[in-house]
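Residue strings, one per chain:
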Amino acid sequence: MQAVWSVAQRRLHWAMAALVFVNFLLALVMVALPLSALLAKILTYQLHKSLGLLLIPLWAWRLWLLARRGRPAPVALPAWQHSAARLGQTVLYALLIAVPVLGFLSAAAAPIGVETVFFLILPIPHPFPPDQALYDVLRPLHQGAAWGLVLLALGHGALAIHHHRHGLPILRLMWRGR
Amino acid sequence: MMMKPNQLLMPRRALAGAVLPLLGLAPLPARAARVFRFDQSQGKLEFIARHLMVLTSTGQFSRFSCELILDPEKPETARVAVQVETGSITHAYPGAADLLRSAAYFDAERWPLARFSGRAAPGGRIEAFDLAGPLEMRGVTQPFTLQAKLARRRRDAATGAEIVDCTARGEISRTAFGMVSDMAATGDRVQLAVSVSLVIG
């Protein structure tokens, strides 16, 4: 177990947090945009898909770093809070991979059949052809999981601030490293 | 036993014999042209637009009628007449069909029909031949060419009927028909694609 989070771990943590929130806001915008703003709608959809796909290798990298470098020693918290924090983090990790994967699969199943082109440069082949029935299942799952991820991340952040205000170094360790 | 693809292609003479009993019509002389009439119940008519040069989206016309006159011995004499109800557009993206029916695109209220009548260009083969002629849409008439292909003969598993799949593709310039909206998002060239299964026996 290391004494602090490594620089790479901290940067990845904040980069992924920023990506999740930016992509969530982008999703709200792209859905709300009218078809009369077609260019903006297409661009926001493709950007949303690209940022979502970017989360997948970052997630794998972060998990690899966690396995390789571990985490700092736990701060002094009641046992139940430790357990709750560990459970919350596990669910966060699960949602961090589930949301983009579900999003990509629902893009593949979407009856409109628009391709996924990573930042409008690299075409990413869809694993199956458009399928309305599958889309009807995947789309709400992606949406529900995304809301779950954002709400849980907000709760995670709020608790970190709460502990910081009570003198615990949880937020400081992730922000400044010590 | 596997058959080589070229063995599956229907020879002209064999197709000529096979298409004769079509549509319950009285037998005609062996070399006469045959009339194939079909609509949305036997085939589909799609349009494919490109966006930002790397993306595509596809819509359909759910009501159209087509008459193809084809003498398999003389594909250079083939003729086709297609009539499409422009208001019958369907599109998977919510609201897109309404936009495409609007005055900015097909203007379906003012121009409810699009028509194409084409004749085969010389030099065609029965497996692949061009049908060229005027396409009238949105009150504008422009020359248009469909590249038609008759695919391999197959037997429909459900009905046991012998079928030849026919596909035809052509490309239009939408601006030539007065559809100039969203040029930054959607390219000028739009593909039209027809696919139909012709029952030959």
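Before reading on, note that the structure itself is shown above.
What you see is a predicted model; the values in this text were computed from it and never measured.

Basis of the calculations
Residues numbered from 1 in each chain as written. Chains lettered and ligands numbered in written order. Predicted model: local features only at pLDDT ≥ 70, side-chain atom pairs only at ≥ 80, totals over all residues. Helix = DSSP H or I, 4+ residues; strand = E, 2+ residues; numbered from the N terminus. Buried ≥ 20, exposed ≤ 12 C-beta atoms within 10 Å, placed from the backbone. Contact = placed C-beta atoms within 7 Å. Core = buried A, V, L, I, M, F, W, Y, C linked by C-beta atoms within 7 Å. Nonpolar A, V, L, I, M, F, W, Y, C, P; charged D, E, K, R; others polar. Expected span 1.5 Å × (residues − 1). Pairing = 2+ DSSP bridges. Axes fitted to C-alpha atoms, helices over the stretch in contact; angles between N-to-C directions.

> Explain the overall build of chain A here, please?
Assigned secondary structure in chain A consists of five helices and two strands. Projected onto its principal axes, the C-alpha positions of chain A cover 55 × 30 × 30 Å. Of all 178 residues assigned to chain A, the portion counted as buried reaches 18%. The long-range fraction of contacts in chain A, counting pairs at least 24 apart against all pairs at least 6 apart in sequence, stands at 72%.

> Please clarify how the overall build of chain B should be interpreted in this entry.
For chain B, the helix and strand inventory stands at three helices and eleven strands. Counting helices and strands in the order they occur from the N terminus, chain B gives α-α-β-β-β-β-β-β-α-β-β-β-β-β. Relative to its 201 residues, chain B shows a buried fraction of 29%. Intrachain contacts of chain B at a sequence separation of at least 6 include 55% that bridge at least 24 residues.

> Honestly, the environment of Gly 87 of chain B in this entry has me stumped. Any pointers?
Residue and element names in this part refer to chain B. With respect to the helices and strands, Gly 87 occurs in the loop between strand 5 (79–85) and strand 6 (89–91). Using a count of 18 C-beta atoms within 10 Å as the deciding quantity, one classes Gly 87 as partly exposed. If sequence neighbours within four positions are ignored, Gly 87 has contacts with Arg 101, Ala 108 and Pro 112.

> Looking at this structure, I do not really get the nonpolar core. What am I missing?
Generally speaking, nonpolar side chains in soluble globular proteins are found buried as a group. Counting residues in hydrophobic clusters, the biggest one holds 37 residues, and the most contacted among them are Leu 131 and Cys 166 of chain B. Looking at this core, the elements with two or more residues in it are strand 4 (64–70), strand 5, strand 7 (113–120), strand 8 (128–137), strand 9 (140–155), strand 10 (162–173) and strand 11 (186–199) of chain B. By size, the runner-up hydrophobic cluster in this structure holds 16 residues, among which are Val 20, Ala 27, Phe 104 and Leu 138 of chain A.

> Is there a simple way to explain the interface of chain B and chain A in this structure?
Interface size, as often reported, equals the accessible area lost upon joining of the parts. Counting residues at the interface gives 16 residues for chain B and eleven residues for chain A. When residues of the side of chain B that touches chain A are traced back to their parent elements, those giving at least two are strand 3 (55–61) and helix 3 (96–101) of chain B. For the side of chain B that touches chain A, a count of residues per class yields nine nonpolar, six polar and one charged.

> I would appreciate a short explanation of helix 3 (residues 79–109) of chain A in the present structure.
Since there are 3.6 residues in each turn of an α-helix, residues three or four apart along the chain are aligned in direction. Compared with an ideal rise of 1.5 Å per residue, which puts 31 residues at 45 Å, helix 3 of chain A spans 44 Å between its outermost C-alpha atoms and is within 8% of the ideal. Taken together, the buried residues of helix 3 of chain A touch helix 1 (7–32), helix 2 (38–69), strand 1 (116–118) and helix 4 (132–165) of chain A.

> What am I meant to see in helix 4 of chain A here?
Residues and elements named next belong to chain A. The terminal C-alpha atoms of helix 4, which comprises 34 residues, lie 49 Å apart, in line with the 50 Å expected from a rise of 1.5 Å per residue. Buried residues of helix 4: Leu 138, His 142, Ala 146 and Leu 149, and no others. On its buried face, helix 4 sits against helix 1 and helix 3. Two residues or fewer past helix 4, Gly 167 is found with a positive phi of approximately 85°.

> Honestly, the environment of Ile 89 of chain B in this entry has me stumped. Any pointers?
Residues and elements named next belong to chain B. Mapped onto the elements, Ile 89 comes out in strand 6. Along the backbone, Ile 89 and Arg 125 are 36 residues apart, and their C-alpha atoms lie at a distance of 32 Å. Setting aside residues up to four positions removed in sequence, Ile 89 forms contacts with Gly 59, Phe 61, Ala 97, Leu 100, Arg 101 and Phe 106.

> Explain the sheet that holds strand 9 of chain B to me, please; I cannot follow it from the model alone.
One key point about sheets: their strands pair by backbone hydrogen bonds, in either a parallel or an antiparallel sense. Residues and elements named next belong to chain B. Spatially, the eleven strands line up as an open sheet ordered 1-4-5-7-8-9-10-11-2-3-6, and their pairing is antiparallel. Among the strands making up the open sheet, the edge pair consists of strand 1 (34–39) and strand 6. Across this sheet, the average inter-strand angle for adjacent strands is 25°, counted without regard to direction.

These figures capture arrangement, not role.
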